[in-house]
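Chain residues, written in single-letter form:
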Amino acid sequence: MIEIKNLSKLYKHHKALQSVNLEISNGIYGLLGPNGAGKSTLMRIMATLMKPTAGDIFIDSYSINSDPEKVRSVIGYLPQHFHVYPQLTPVEILDFVGVMKGIHNKAERRDQIDYWLNEVNLKKKAKEKLKTLSHGMKQRVGIAQAFMGSPKLVILDEPTVGLDPEERLRFRNMISKEGLTKSILLSTHVVTDIESSCYDIAVLQNGKLLLDSTIEDLKEKACNKVWEGMVASTFLESFSDGTLLSTEYKGSHMNVRILADEKPFYGASLVEPTLEDGYLALLGGTN
Ligand code: ADP
Ligand code: MG
């Protein structure tokens, strides 16, 4: 479905993407990486808003370099910062996007608008001006507009930022359903965001692809490396061989979880890693 070939992007002298090669199949695909990794750059290039310095991306076999209009006709895109006219209402924005996506039949547009506003739980705000909506509500208008026009591929750049826990859950359920019939690529720097909705993931760091695999594989990166146990609360003063994952104070002692290749203290025992542990292990414990 999506083939990224030797993709590089240079901003003046800064290498935001360095020879990225990746194939993304159907379903929900997670693009993970710390801030500055190059996720938004990759997605902007995919959405044909920016040209790469080198390389190409093929979406549904159309090239972003030689066939950008065809690419645009099969994708929906939520930018990381979704800014629209504050005087417009969600209905007006979705109507506008519907026209741009080529839905010329007014009744069909109205049906789609109704459907997507319901999916993002915004029916009650359908006719309120955007400037009166909260950040999370605006983000949900952004998510709805990305799905207008039945795109084959929906690109969502940090879609869960600003959503409260209840809306995150609703969003996860929505994309699980949508992922059955279309491809969804979503970026995030929050590991738990992708844990329950994605199976295939890629990890970017400093413009380079670190991992192109699955959630399980990412978790495995911390296998036999996560230790837990009680230590004196002065322990951290001399701690250096590993990454401190968490602490829980209990009087003069504390329970610590540590990411380390070797047993970090007497009495520490190996525990099952979480996805976040795997991510930290992959990044080298530096982020
Ligand atoms: P992410 O979305 O993973 O946080 P970005 O793609 O936004 O990463 O940014 C990747 C790198 O490129 C960062 O170091 C960022 O500062 C830099 N960058 C992004 N956009 C520009 C730009 N328009 N001009 C110069 N540098 C940029
Ligand atoms: Mg970004």
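Residues numbered from 1 in each chain as written. Chains lettered and ligands numbered in written order. Predicted model: local features only at pLDDT ≥ 70, side-chain atom pairs only at ≥ 80, totals over all residues. Heavy atoms only, no water.

Put simply, the rule is: UniProt positions are given in the numbering used here, feature names are shortened, and annotations may be inferred rather than shown by experiment.
Under an unreviewed UniProt entry, the protein chain has the name Vitamin B12 import ATP-binding protein BtuD and belongs to Sutcliffiella rhizosphaerae. According to the UniProt record, the Sequence similarities (unreviewed entry) comment for the protein chain reads "Belongs to the ABC transporter superfamily."

As for the nonpolar core
This is how it is decided: We define a nonpolar core as any set of buried Ala, Val, Leu, Ile, Met, Phe, Trp, Tyr and Cys residues linked to one another through side-chain atoms lying within 4.5 Å. Partly exposed describes any residue whose relative accessible area lies between the buried limit of under 20% and the exposed limit of over 50%, with all areas from a 1.4 Å probe on protein chains only and scaled to the type maximum. Each helix is a run of H or I in the DSSP string that is no shorter than four residues. Each strand is a run of E no shorter than two, and both are numbered from the N terminus.
In terms of nonpolar packing, the biggest core is built from 41 residues, with Ile143, Phe147, Leu156, Ile175 and Leu218 touching the most fellow members. No other element matches helix 5 (residues 135-147), which puts five residues into this core. Residues Tyr29, Met46, Val74 and Leu185 belong to the second largest nonpolar core, which totals 28 residues.

Comments concerning the side chain of Arg257
Going by this rule: Polar contacts, as used here, are pairs of N or O atoms within 3.5 Å; protein pairs need one atom able to donate a hydrogen and one able to accept it. Residues neighboring in sequence count only if both atoms are side-chain atoms. For this analysis, residues touch if any pair of their heavy atoms sits within 4.5 Å.
Residue placement: Arg257 occurs in strand 13 (residues 253-259). Of note is the side chain of Arg257, whose polar atom sits 2.8 Å from the side chain of Asp277. Discounting residues that sit within four places of it in the chain, Arg257 has contacts with Val226, Trp227, Glu228, Thr243, Leu244, Leu245, Ser246, Val271, Glu272, Thr274 and Asp277.

Focus: the sheet that holds strand 12 (residues 243-250)
Note the following rule: For two strands to be treated as a pair, DSSP must find at least two bridges joining them. Here, axes are lines fitted to C-alpha atoms. For helices the fit covers the stretch in contact, and angles between N-to-C directions go from 0 to 180 degrees.
Strand order in this open sheet of four strands is 12-13-11-14, and the pairing throughout is antiparallel. For this open sheet the edge positions go to strand 12 and strand 14 (269-270), each flanked by a neighbour on one side alone. Pairing between strand 12 and strand 13: seven bridges, direction antiparallel. Looking across to strand 13, one finds that Thr247 is bridged to Val256. The sheet strands contacting helix 9 (residues 275-283) are strand 11 (226-232), strand 12 and strand 13, and the helix crosses strand 13 at an angle near 60°.

Observations concerning the coordination of the magnesium ion (ligand 2)
Counted only if it meets this: Because no water is among the atoms considered, metal sites can look incomplete, with donors defined as N, O and S atoms within 2.8 Å of the metal, or 3.2 Å for Na, K and Ca.
Every protein donor of the magnesium ion (ligand 2) is accounted for by Ser40 (OG) and Gln80 (OE1), and the metal-donor separations fall at 2.0 to 2.1 Å. Within this pair, whereas Ser40 is found in helix 1 (residues 39-46), its partner Gln80 is found in the loop between strand 6 (75-78) and helix 3 (90-100), the two being separated by 40 residues in sequence. According to the relative accessible area criterion, Gln80 is partly exposed, its value standing at 31%.

What to know about unusual backbone geometry
One non-glycine residue, Lys12, adopts positive backbone phi at about 50°. Along the polypeptide, Lys12 turns up in the loop between strand 1 (2-11) and strand 2 (14-24). At Ser61, a residue that is not glycine, the phi angle is positive and equals roughly 70°. Among the structural elements, Ser61 can be located in the loop between strand 4 (54-59) and strand 5 (62-63).

Regarding the packing of helix 3 against helix 5
Note the threshold: Angular relationships are summarised with four words: roughly parallel below 35 degrees, roughly antiparallel beyond 145, roughly perpendicular across 65 to 115, and oblique for the angles in between. Less than a right angle of anticlockwise turn of the near helix away from the far helix marks a crossing as left-handed, whereas a clockwise turn marks it as right-handed.
It is at 9 Å that the axes of helix 3 and helix 5 come closest, and there the two elements cross at 25°. Relative to helix 5, the element helix 3 lies roughly parallel. With respect to the hand of their crossing, helix 3 and helix 5 are arranged in right-handed fashion. Residues Pro90, Ile93, Leu94 and Val97 of helix 3 touch helix 5, and the partners they reach there are Val141, Ala144 and Gln145.

Remarks on the pattern of salt bridges
Going by this rule: Between Lys or Arg on one side and Asp or Glu on the other, a salt bridge is scored when a side-chain nitrogen of the former is within 4 Å of a carboxyl oxygen of the latter.
In total, this model carries twelve salt bridges according to the counting rule given. The closest approach of N and O atoms between Glu3 and Lys5, which form a salt bridge, is 3.3 Å. According to the relative accessible area criterion, Glu3 is partly exposed, its value standing at 28%. A salt bridge links Arg109 to Asp95; the shortest N-O distance between them is 2.8 Å. Note that Arg109 is positioned in helix 4 (residues 106-119) and Asp95 in helix 3, a separation of 14 residues in sequence. Several salt bridges share partner residues, and in doing so they unite Arg140, Glu167 and Arg170 into one network.

Brief notes about the site of ligand 1
Basically, it comes down to this: We call a residue near a molecule or strand when any one of its heavy atoms sits within 4 Å of it. For every accessible area listed, the method is Shrake-Rupley and the probe measures 1.4 Å; residues are considered covered only by the protein chains on display. Lys, Arg, Asp and Glu make up the charged group, whereas Ala, Val, Leu, Ile, Met, Phe, Trp, Tyr, Cys and Pro make up the nonpolar group; the residues left over, Gly among them, are polar.
Close to ligand 1 lie Tyr11, His14, Ala16, Pro34, Asn35, Gly36, Ala37, Gly38, Lys39, Ser40, Thr41 and Arg44. Side-chain polar atom of Lys39 to an oxygen atom of ligand 1: 2.9 Å apart, as the coordinates give it. At 2.9 Å, a side-chain N or O of Ser40 approaches an oxygen atom of ligand 1. Within the complex, 62% of the 560 Å² of free accessible area of ligand 1 lies under protein. For the shell around ligand 1, the secondary-structure elements that each account for two or more residues are strand 2 and helix 1. Looking at the shell around ligand 1 element by element, the count peaks at four residues for helix 1. By residue class, the composition of the shell around ligand 1 is four nonpolar, six polar and two charged.

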